[in-house]
Amino acid sequence: MQRILNALLQFRNPILYFFLLGLSIAFSFNQSPFHQYTIEKYGFYFSTKIYEIKDGLSHYFNLKKVNQQLLEENKQLKSRELASPLIPLYPEALEKPKRFPFKVKKANVLKNSFNNKRNFLTLDMGSKQGIQPEMGVISKNGIVGVVHSVTPNYSNVISLLHQDLKINVRTNKSPAFGSLVWSGKNPTEFLIEDVVSNANISVGDTIVTGGMSSYFPLGIPVGKITKLEKIQGSGYYSIEASLLNDLSQVYYVYILENIDFQELQSLKKKLPQ
Amino acid sequence: MKSFPLVSVVSFVVLVLAQVMVFNHLHVFKTINPIIYLLFFVFYRFESNQTLLIALSFLLGFSIDLLSQSGGAHTIATLTIGFIRPFIIRYAFGNTMETPQSYFSDNRILNKLIYLVLLVLLHQLLYFTIVFYSIDALYHIVKNTLLTSIISLILMGITISFYPTKK
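Residues numbered from 1 in each chain as written. Chains lettered and ligands numbered in written order. Predicted model: local features only at pLDDT ≥ 70, side-chain atom pairs only at ≥ 80, totals over all residues.

Some thoughts on the overall build of chain B
In terms of regular secondary structure, chain B is built from six helices and zero strands. Secondary structure elements of chain B, listed N to C terminal, follow the sequence α-α-α-α-α-α. In chain B, buried positions account for 38% of the 167 residues. (Helix = DSSP H or I, 4+ residues; strand = E, 2+ residues; numbered from the N terminus. Buried ≥ 20, exposed ≤ 12 C-beta atoms within 10 Å, placed from the backbone.)

Encoded structure:
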């Protein structure tokens, strides 16, 4: 205690000075709105700097959560976009908006292969989450594949990079349809088969899903035509296309659940074999 | 501790009144308000109590602020000058045994002049920095500081010359 008092007495001049200085600053800055404003400005500047640092740190640690939220939001937006009657690809002649029989679910890709001739993806959603075989799978840029088999928590998806998978497609201009098949070389190089040679298509046209399967609705962009050739004497085009979606870079997908799937299946069964 | 010199009290009161009633109404070149109350730091003996000086300089600035209804600029500037006066004395008169007991007990004119100039310049610089309080007004701060300092120094010199220099 004695030492504290001694120290206080020894430094009484600076202490007194700073005390009085603080007093006069408070006094003057209370009187003048200009000084008050300036002080507040500096205070604001420093506090925002500190909050910025804190914010940056907490944002970094929240990234995973934010990602999840964004995916959730994207899922909803995607389902709205797909259901939107504004997509011009729906036949305008039908006038009234078409019923959109698809529900959207989201999933993360656990495993993805693109080196084989027959590639599969594994998703972290299964029958418990309502995934069933033969559901279409799309990503943010286009289609990914079709669900092949499911376990309670996981599902296996036939990738577009699978030589036996054929997807019904058309171009955004012409209603002529064909089948999209992987050429088996490059993850973005595809062939389109069975397009009749009188169809009005040209290089650069956007390829969209044709909507004739139960997997995908009409009008999801898939790729672009890069090469067009008429095969002599066959009446068909030979078309090469590049995919919009890089299937080696797919980390999360949306699964399209067709509500009318059972109905369509039962209708198929009634067809004369 | 030596008895509190009467001259300090008298000079304090007289200087505050002179500053507020006379010199604050003296607008040299329309804008310059000469400062006279800094003479207090001349009359206050050099070897007197420093703690008391800090308190008194605060009171001095505060009185000027109160009576001339300015902000706290006089208070802050005067208080700071009171605090750093020992350093100014040491710089002006040397850090040896030669340090005089008071301003008037010394007869080296150059040292006295340095002391006065430092006192006034620092005070004015602080004062105008606080008044403008913006880096954009740097030109105004410097201009006002120099002009007011010169006018104040002339007036203070005239005032001091009325006092006899003691040997």
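Quick word on helix H4 (residues 73-93) of chain B
For the α-helix, the turn length of 3.6 residues means that residues three or four positions removed from each other point alike. Residues and elements named next belong to chain B. Relative to the 30 Å expected for 21 residues at 1.5 Å per residue, H4 spans 28 Å between its end C-alpha atoms, a close match to the ideal helical length. The largest bend along H4 measures about 55 degrees and falls at Ile84, with the proline Pro86 one to four residues further on. Phi turns positive one or two residues past the end of H4, at Gly94, with a value near 90 degrees. (Expected span 1.5 Å × (residues − 1). Bend = angle between axes of the 7 residues up to and from the residue.)

Points about the interface of chain B and chain A
Each partner contributes residues to the interface: chain B has 13 residues there, and chain A has 14 residues. Split by residue class, the side of chain B that touches chain A holds eight nonpolar, five polar and no charged. (Contact = placed C-beta atoms within 7 Å. Nonpolar A, V, L, I, M, F, W, Y, C, P; charged D, E, K, R; others polar.)

What to know about the packing of H4 of chain B against helix H5 (residues 109-132) of chain B
Residue and element names in this part refer to chain B. Following both chains from N to C, one finds H4 and H5 inclined at 150 degrees, their axes separated by 9 Å at the closest point. When the axis of H4 is compared with that of H5, the two are roughly antiparallel. H4 and H5 meet at a crossing whose hand is right-handed. Where H4 approaches H5, its residues Ala73, His74, Ile76, Ala77, Thr78, Thr80, Ile81, Ile88, Ile89, Tyr91, Ala92 and Phe93 are matched on the opposing element by Asn111, Ile114, Tyr115, Leu118, Leu119, Leu122, His123, Leu126, Tyr127, Ile130 and Val131. A class-by-class count of the residues in the contact of H4 with H5 yields 18 nonpolar, five polar and no charged. (Axes fitted to C-alpha atoms, helices over the stretch in contact; angles between N-to-C directions. Parallel < 35°, antiparallel > 145°, perpendicular 65-115°, else oblique. Left-handed = near helix turned anticlockwise from the far one by under 90°.)

Section: the pairing of strand S3 (residues 136-139) of chain A
Residue and element names in this part refer to chain A. In S3, alternate side chains face the same way, and those of Gly136 and Ile138 on one face and Val137 and Ser139 on the other are all buried. Relative to strand S4 (residues 142-150), S3 runs antiparallel, the two sharing four bridges. Pairing of Ser139 across the sheet is with Gly142, part of S4. In sequence, S3 turns back onto S4 through a hairpin of two residues. (Pairing = 2+ DSSP bridges.)

Points about the confidence of the model for chain A
On average, residues of chain A carry a pLDDT of 81, and 93% of them reach 70 or more. Per-residue pLDDT, averaged within each element of chain A, yields its smallest value for helix H3 (residues 33-83) of chain A (80) and its largest for S3 of chain A (88). (pLDDT = per-residue confidence, 0-100.)

A short note on the sheet that holds S3 of chain A
The sheet built from six strands closes into a barrel, its strands ordered S1-S2-S5-S4-S3-S12 (chain A) with antiparallel pairing. Each strand axis lies, on average, 45 degrees off the axis of its neighbour in the sheet, ignoring direction.

Description of the sheet that holds strand S8 (residues 189-193) of chain A
Residue and element names in this part refer to chain A. If you walk around this closed barrel you meet the six strands as S6-S7-S8-S11-S10-S9, and the pairing is antiparallel. Going across the sheet, the axis of each strand differs from the next one's by a mean of 45 degrees, ignoring polarity. Pairing between strand S10 (residues 221-230) and strand S11 (residues 237-243): seven bridges, direction antiparallel. Looking at S11, one finds that Ile225 is bridged to Ala241.

Describing the environment of Thr151 of chain A
Locating Thr151 of chain A in the fold gives a position in the loop between S4 and strand S5 (155-162). The spatial distance from the C-alpha of Thr151 of chain A to the C-alpha of Ile131 of chain A is 9.1 Å, given a sequence separation of 20 residues.

Some details on the packing of helix H1 (residues 6-21) of chain B against helix H3 (residues 50-68) of chain B
Packed helix pairs are characterised by how far apart their axes lie and by the angle those axes make with each other. All names here are of chain B. Here H1 crosses H3 at 30 degrees, and the two axes come no closer than 10 Å. Regarding the angle of H1 to H3, the classification is roughly parallel. As for how H1 packs across H3, the hand of that crossing is right-handed. Every residue of H3 that contacts H1 at Phe12, Val16, Gln19 and Val20 is listed here: Leu56, Leu60, Ser63, Ile64, Leu67 and Ser68.

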